[in-house]
Amino acid sequence: MIDRKGTDCFKWDALQSMYGRDDLTPMWVADMDFRSPDFVMEAIRRRCEHGVLGYTMPSKGYWQAVTAWLERRYGIKTTKDNLHFIPGIVAGIAYALLCFTQPGDKVLVTTPVYPPFLNLPKDSGRTLVCSPLKIEDGRFAIDFDDFERKAEGCKVFIMSNPHNPAGTVWGREVLRKIAEICERHNVLVISDEIHADLTLPPHKHVSYSTVGETAANNSITFMAPSKTFNIAGLGSSVCYMANPDLRKRFFGWLDSLGVAGGNIFAFTAAEAAFREGEEWLRQMLDYLRGNVQVLDSFLKEKMPRVKAVLPEASYLAWLDFSDYGLTHKQLADKLLNEARVALNDGTTFGGKEYEHCFRMNLGCPRTMLADALERIAAMLEN
C-alpha cells in the first residue's frame, strides 16, 4: 500500500470536492495505486541529475522505443514520420475534432463510453450522435443495424478500443465491420487505444489500423504508456496515421499549435517504459487478472444480483445494480455514505439509461479491493 494522500493526487485528494467527504476508498479515476516502475523512475532520476531542464525534443532513442513497441506488440510497422507526439489522448481527440470537423457536424460514439467522448463534441459545438451498445453473453457488443443508421451523415466516429468503461476487446471481424460501415458513409475513425497494453491474457488486442487498408487509410490511432505504466501525470501520448494526406493535414495542424514539444520527463519516461517494460507489464497484468477473478468470485458468492461486465482489457469493471430496486439517488447515496466507496456514476457515460450502473477501478492492491467489496455487500444486505 502506498499512501497517495497529500500528493495533489486527483484520485485521492479530490474526494472532498467531488463527493463531499474524504474518508472514501477511491475506485473511480482510471489510474493505478501501484508504484510506477523502477526503471522509469531511475531514468527520470538520471535525467534530473544532469541539472538543466531546458527546452527539449524527442530523441532518436524515444522514437526507436516507440516504433519497436508498436511493431512488436501490434504489428504496426512504421517510422517516426507516421507518428506525432501528443500531450494526452483527450487533448489529441479534441485537436482531431477541431481539425476535421466544423461546428454542427455530427460525431458518432457508442454508449456507455468514457465521458470525454461525450463532452468533447458537445463542448466544441458539434452534434453528438449515440449508438447504444448491447449486452451479449456478459460483454458489450455493437448493434450494427443501429450503428449504420446512426453513422449516416456523421463526420467522425470516436472509438474506444478496447472499450471503456468495461474493457471489452473488439475482435478483428468487429473492427472490419466498423471499417466497412465508416467507409460507406465517409466517416473518419478516431481509435483511442490507451488501454491496448492492458489487454488481459488470453485476450489479444487488435489495433484498428491493422485490420485492412480501408481502416488504415481512414483513421487516427492514439496510444500511450500512461495507463500501462502508471505515468499519466506526465502527459505522454502518441498519434499514428497511415494515410499521407490525412497525416499532412493533421500533423501540420498540430505543429501550427505548437503541441509537439512535450516535457523532458514525458519523453524520458516513455522511452524507458517501452524499452524495458515487457516483464513488468507481464507481471502487472497477471496481478490485474487476479483482481478480476476476485471480483467475479465475490459477485457470484455475495452479490449475485449485480450484473457485471468484467474487463477483457484494462482494470475497469461495469456493475449494474438495477435488480436491487433502488433509485439512482438511493444507490449513489448508499455507496458513498454506507459503503464509503467512490465509484464512477454510470450516468456520466451516457445518461439516464445507465443510472443503476457504476464503473469500478480494480487497479489497486487486492486487500483494498476486497475491503471495498465487503463494504458494498454489507450495504446491499442492509
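Structure report, in brief. Keep in mind that this is a model prediction, so the values were computed, not measured.

Going from Thr111 to Pro112, the amide bond is cis rather than trans, its omega being 0°. Among the structural elements, Pro112 can be located in the loop between strand S3 (106-111) and helix H6 (115-123). Cis geometry marks the peptide bond from Asn161 to Pro162; its omega dihedral reads 0°. Positionally, Pro162 belongs in the loop between strand S7 (154-160) and helix H8 (172-184). Despite not being glycine, Asn186 shows a phi value in the positive range, around 55°. In this model, Arg340 sits at a positive phi of 55°, which is unusual for a non-glycine residue. Tracing the backbone through its elements, the reader meets Arg340 in the loop between helix H13 (328-337) and strand S13 (341-342).

Glancing now at the sheet that holds strand S10 (residues 237-240). Ordered by their spatial adjacency, 7 strands build an open sheet running S2-S10-S9-S8-S7-S3-S4, and the pairing between neighbours is mixed. The two strands at the open ends of the sheet, each matched to only one other strand, are strand S2 (83-86) and strand S4 (127-132). Neighbouring strand axes in the sheet, compared pairwise and without regard to direction, differ in orientation by 25° on average. In this sheet, S4 lies alongside S3 in parallel orientation, the contact comprising 6 bridges. Bridge pairing links Thr110 to Ser131 in S4. Together, S2, S3, S7, strand S8 (188-192), strand S9 (219-223) and S10 form the strand contacts of helix H5 (residues 89-100), whose direction differs from that of S9 by roughly 165°.

For the rest of this paragraph, the subject is the packing of helix H3 (residues 38-49) against helix H11 (residues 264-276). Two elements in contact, H3 and H11, have axes whose closest approach is 8 Å; the angle formed by their N-to-C orientations is 140°. Considering their axes alone, H3 and H11 lie oblique with respect to each other. Between H3 and H11 lies a crossing whose hand is right-handed. Across from Phe39, Val40, Ala43, Ile44, Arg47 and Cys48 in H3, the residues of H11 making contact are Ile264, Phe265, Thr268, Ala269, Ala272, Ala273 and Glu276. For the contact of H3 with H11, the per-class residue count stands at 10 nonpolar, 1 polar and 2 charged.

Turning our eyes to something else, we now look at the sheet that holds strand S11 (residues 307-309). The strand order across the open sheet formed by 4 strands is S11-S12-S15-S14, and the pairing between neighbours is antiparallel. Each edge of the open sheet is held by one strand with a lone partner, namely S11 and strand S14 (344-345).

Most of S7 is tucked away, with 6 of its 7 residues classed as buried. Judged from the 5 bridges that link them, S7 and S8 form a sheet pairing that is parallel. The residue of S8 that forms the bridge with Ile158 is Ile190. Each parallel crossover has a hand, and for S7 linked through H8 to S8 it is right-handed.

Let us now look at the nonpolar core. Residues Met303, Phe321, Met360 and Ile376 are the most contacted members of the largest nonpolar core, which totals 69 residues. Those residues in contact with Met303 that lie beyond four places of it in its chain are Phe298, Tyr324, Leu373, Ile376, Ala377 and Leu380.

The subject of this paragraph is the pattern of salt bridges. Tallied over the entire structure, the rule returns 26 salt bridges. Here Glu374 ties to Lys302 by a salt bridge, and the two come within 3.0 Å at their closest N and O atoms. Highlighted residues: Glu374 in helix H14 (residues 366-381) and Lys302 in helix H12 (residues 278-302), separated in sequence by 72 residues. On the accessibility criterion, Glu374 (38% relative accessible area) is partly exposed.

Restricting attention to buried positions, one finds in helix H7 (residues 144-151) the residues Phe144, Asp146, Phe147 and Ala151. The arc that holds every buried residue of H7, seen down its axis, measures 155°, which confines them to one face. Along H7, exposed side chains directed more than 90 degrees from the buried face belong to Asp145 and Arg149. Its buried side turned inward, H7 meets S3, S4, S7 and H8. Immediately downstream of H7, the backbone of Gly153 shows phi near 90°, a positive value.

Cut-off values and rules
Residues numbered from 1 in each chain as written. Predicted model: local features only at pLDDT ≥ 70, side-chain atom pairs only at ≥ 80, totals over all residues. Heavy atoms only, no water. Helix = DSSP H or I, 4+ residues; strand = E, 2+ residues; numbered from the N terminus. Pairing = 2+ DSSP bridges. Axes fitted to C-alpha atoms, helices over the stretch in contact; angles between N-to-C directions. Contact = heavy atoms within 4.5 Å. Parallel < 35°, antiparallel > 145°, perpendicular 65-115°, else oblique. Left-handed = near helix turned anticlockwise from the far one by under 90°. Nonpolar A, V, L, I, M, F, W, Y, C, P; charged D, E, K, R; others polar. Buried < 20%, exposed > 50% of the residue type's maximum accessible area, 1.4 Å probe, protein only. Right-handed = clockwise from strand over helix to strand, strands pointing away. Core = buried A, V, L, I, M, F, W, Y, C linked by side-chain atoms within 4.5 Å. Salt bridge = Lys/Arg side-chain N within 4 Å of Asp/Glu carboxyl O. Arc of directions from axis to C-beta.

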